[in-house]
Amino acid sequence: MTRNRTLSLAVLLAVLTVLLGMQASAAMATNGNETPKILEFDTMVGVPTTLAGAAGAFGGVNGAGAPWTLTSAEGELST
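Residues numbered from 1 in each chain as written. Predicted model: local features only at pLDDT ≥ 70, side-chain atom pairs only at ≥ 80, totals over all residues. Heavy atoms only, no water.

**Q** Explanation requested: the overall build of the protein in the structure shown.
**A** When helices and strands are counted, the protein shows one helix and two strands. Secondary structure elements of the protein, listed N to C terminal, follow the sequence α-β-β. The contacts of the protein with a sequence gap of at least 6 include a subset with a gap of at least 24, amounting to 49%. Surface accessibility of the protein: about 6700 Å² in total, with carbon and sulfur atoms responsible for 63%. (Helix = DSSP H or I, 4+ residues; strand = E, 2+ residues; numbered from the N terminus. Contact = heavy atoms within 4.5 Å. Areas by Shrake-Rupley, 256 points an atom, 1.4 Å probe, with all protein chains shown as cover.)

Take a look at the structure:
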């Protein structure tokens, strides 16, 4: 049983190493320039009335001054 457990642990570690390597290489991939992209989005949510001003404060920071909406958005986060 100990040999099977050791073999299972070795296989698990090998699989985790491969998965982490794949994730690291994907994170380091560039998008045509030298800055790796971490996150890309094409949707956002506006600020509803209930979260505007002091009523919508998070951690002592007031929400937006006025409610707002938008029709489209896009952005990205890079290193």
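**Q** Any chance you could explain the pattern of salt bridges here in plain terms?
**A** Once their charged atoms are close, side chains differing in charge can pair, the charge on each being opposite to the other. Tallying each qualifying case throughout the model produces two salt bridges. Among the salt bridges present, the one from Lys-37 reaches Glu-40, with a minimum N-O distance of 3.3 Å. Owing to a relative accessible area of 24%, Lys-37 belongs among the partly exposed residues under this scheme. One salt bridge in this structure joins Glu-76 and Lys-37, with 3.7 Å as the shortest N-O distance. You can see Glu-76 sitting in strand β2 (residues 75-78) and its partner Lys-37 sitting in strand β1 (residues 37-41), a full 39 residues away along the chain. By relative accessible area, Glu-76 is classed as partly exposed at 45%. Connected through shared salt-bridge partners, Lys-37, Glu-40 and Glu-76 make up one network. (Salt bridge = Lys/Arg side-chain N within 4 Å of Asp/Glu carboxyl O. Buried < 20%, exposed > 50% of the residue type's maximum accessible area, 1.4 Å probe, protein only.)

**Q** Looking at this structure, I do not really get the environment of Ser-78. What am I missing?
**A** Within the secondary structure, Ser-78 is located in strand β2. What makes Ser-78 partly exposed here is its relative accessible area of 32%. For the pair Ser-78 and Ile-38, spaced 40 residues apart in the sequence, the C-alpha separation amounts to 5.1 Å. Aside from chain neighbours lying at most four places away, what touches Ser-78 is Thr-35, Pro-36, Lys-37 and Ile-38.

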